[in-house]
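# Architecture and fold: a report
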Amino acid sequence: MEENLKLRVATDIGGTFTDVVVYDPGLRKYTTAKAPSRSDDLASGVMDALGLVVEDPPVVESFVHGSTVGLNAFLQRRGERVILMATAGASDTYHIARGNRLDMYNIRYRKPTPLLPRRDIIPIGGRLDCDGNELTPLDHADLRRAAQRIRSEDVRSVAIAFLFSYQNPAHELAAAEVIAKLAPGVSISLSHQVATEWREYERTASTVMDAYIAPSVSRYMADLSTRLGNRGMAAPLRVMQSNGGVISAQAASERPLQTLLSGPVGGAAGGVALAEVLDRPNLICIDLGGTSFDVSLITAGQADSSPSALLEGLPVLMPVVDIHTIGAGGGSLAYLEAGGLRVGPESAGAHPGPACYGRGGTQPTVTDANLFLGRIDPEYFLGGNLTLDTEAAEAALRDLGDKLELNEERLALGIIEVINAKMSQAIRTLTVERGIEPREFSLVAFGGAGPMHAVALAQELGIAEVIVPPDPGGFSAWGMLQSAVRQDFSEAFFRDFADLDTGDLQVRFDRIGDRAVSSLLEEGVTADGISLIQRLDMRYQGQEHTLTVTLPNGVSPGETDRFATLRQRFEDTYSARYGHSNPQASLETVNLRLTALGDVGRPLLQPDYQPQQASNDPSKTTPVLFTTGSHPTARFNRETLTPGCSIQGPAIVEEATATTVIPPGGSATVDQYGCLTIAAPPL
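Every value quoted in this text rests on a predicted model; they were computed, and no experiment measured them.

Here we come to the overall build of the chain. On a plain count of helices and strands, the chain comes out with 16 helices and 35 strands. Here the C-alpha atoms of the chain give a radius of gyration of 26 Å, agreeing with the 26 Å that 2.2 N^0.38 yields for 683 residues. Over its C-alpha atoms, taken along the principal directions, the chain stretches across nearly 80 × 65 × 60 Å. By the burial criterion, 56% of the 683 residues in the chain qualify as buried. By element, 48% of the accessible surface of the chain is carried by carbon and sulfur atoms, the whole surface being about 28,300 Å². The distance from the centre of the 57 positive side-chain charges to the centre of the 82 negative ones in the chain is 5 Å.

Pasting the structure below:
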């Protein structure tokens, strides 16, 4: 059977649909499908989608999955009850948190609610100093009392976060051993394994988050692995991480925090691959599905990322691709509030879904508005797998329109204008608010509804070019197929930059590198497929926060010119971020970071795209309502368009996973990779 293994599969769970992409390297062909997501049983939605395109699971050689289980558990506050074991005398660190206000001018601002109450924090005697030296031995009597409480209250998850454990994990490891022995079966998260970095509050908060979602993630991974195995799939299950790489399901169960943003990151990974293929290093990627709108940036060919993130005000110390998400999608509900029209963030989801689904929904949604305006063909939604009810959409619009004293046409246009304004602002949050000019980027639109709104967003932001990749509805899943196996490691490294010892630095990186290589070999990566990236967290002396800078091709003893290059990289990065720098100021380092990448093959787009049945003629012409009025609009089947063909707006390009709207004045061409490139007309 080994020689017959060939299919590469990726799945992405969305709030409304679960997407699956299958790549057959023999045919050099992608196949995509969608199935409704099941909020109460996510694994069933994955199996439903898989069954649509994979007839013989044993022939699958690679399976990558974007999981939303951990994120859902956190957002819905359905995670496990957690007991936090913290150093006596400093056990309130998690609740004290930080004194800064995240929303400075909000008079109603409240600190984010912790994931556990103060009564669930157990102080444990024992103390290390800031260098990791033991000042007071670990109090085993405290540990035994903690284990007794954990057993008596049937607690299933424990977070252990002791002071300075990132310098010396001995106390945490000893405590974990006692708890595992006296309270068997409990899930244990250790702060030095979750985040080997300074900042006690952030490290503790990350550990609590890890413990909060760990049982949910572990159960889901075990359930999905079992179901795949029962279908005969022998391929290893890999999971997308928040950092843009993949890891094995076993590693994901052991490090669940790394999967927190697993789903949305697939689109950014796809953007990186697309930037390489199309030679467009600067991209704004937008993913508009049924429930949410995700924005990510690709700059200089790499996904914009950060060593930490804030989720609803709670910090997590882990490398993450910067993604800005708002509640906006095809299922976003329109409603009356304070005398005005509001759209989202509440969503109709998949059940009952928009009114036009005919499943009992009565409130108008963005999809209902687009259908009423003529932008969606009711007979060809999801490739014809779902026929939409135009009359139900019109009735829902009429009910709300009567309350707002608007007719159906004006209300439908208003819904689109409101949701577009919210999405434009989300893009500005990642660009304009950081001093980045959107006009210098191309806009990549994907998700089931992304191409429908993309040109309007580009016009609002002054972006000249919109790119719609092949099968945009499954682009996030496609991006997961382009991702390398990735592991990130960090280590505290407080040094004056002027006193850096190249030999000491190399020894430390070599030690971390050995761990990294071993971890990737355990993931099934071959030795010649492993690459290591070395970075330093740096800052001006006296500052609080750092910037992460990549070392130029590693370091070697005596090569001080590399540090001059490193200094210049820091100054350039600082200037780009803050608009100025101070080359005369003293620098210091805070953390070492090493990223290990394992190449497992990347089925990139090839410049030989040809449709199976070629035709550049429109299938029909229908009236479509735009802001400038109703226009006769040609409708094209994307699966038949050939490279080099040109389309003049107004036009609609339809395919199984998405609909692309080209307004009056716009134009589009199909390139050799099958991408649809649209020239957005100025407003």
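Moving on, there is more to tell.
So, on to the packing of helix α1 (residues 42–53) against helix α7 (residues 200–230). One can describe the packing of α1 onto α7 by two numbers: an axis separation of 10 Å at closest approach and a directional angle of 30°. Between α1 and α7, the angle is such that the two are roughly parallel. Viewed along their axes, α1 and α7 form a crossing whose handedness is right-handed. Note on element contacts: α7 touches α1 through Y220, D223, L224, R227 and L228, opposite L42, A43, S44, V46, M47 and L50.

It is the contact of helix α12 (residues 408–430) with helix α13 (residues 450–461), at a shortest axis distance of 10 Å, that shows an interaxial angle of 60°. Taken as axis vectors, α12 and α13 run oblique relative to one another. The two elements α12 and α13 meet at a crossing, and its hand is right-handed. Contact with α12, carried on its side by I416, I419, N420, M423, S424, I427 and R428, involves H453, A456, L457, E460 and L461 of α13 and no other residues of that element.

Below, the discussion takes up the pairing of strand β5 (residues 82–87). Here β5 lies mainly inside the structure; 6 of its 6 residues are buried. Bridge count for β5 against strand β9 (residues 157–161) is 5 bridges, and the pairing is parallel. What sits directly across from L84, in β9, is A159. One ladder, built from 4 bridges, connects β5 with strand β6 (residues 121–124); its direction is parallel. Across the sheet, the residue bridging to T87 is I124, located in β6.

Cut-offs used in this document
Residues numbered from 1 in each chain as written. Predicted model: local features only at pLDDT ≥ 70, side-chain atom pairs only at ≥ 80, totals over all residues. Heavy atoms only, no water. Helix = DSSP H or I, 4+ residues; strand = E, 2+ residues; numbered from the N terminus. Rg over C-alpha atoms; globule rule 2.2 N^0.38 Å. Buried < 20%, exposed > 50% of the residue type's maximum accessible area, 1.4 Å probe, protein only. Areas by Shrake-Rupley, 256 points an atom, 1.4 Å probe, with all protein chains shown as cover. Lys, Arg positive; Asp, Glu negative; His and termini not counted. Charge placed at Lys NZ, Arg CZ, Asp CG, Glu CD. Axes fitted to C-alpha atoms, helices over the stretch in contact; angles between N-to-C directions. Parallel < 35°, antiparallel > 145°, perpendicular 65-115°, else oblique. Left-handed = near helix turned anticlockwise from the far one by under 90°. Contact = heavy atoms within 4.5 Å. Pairing = 2+ DSSP bridges.

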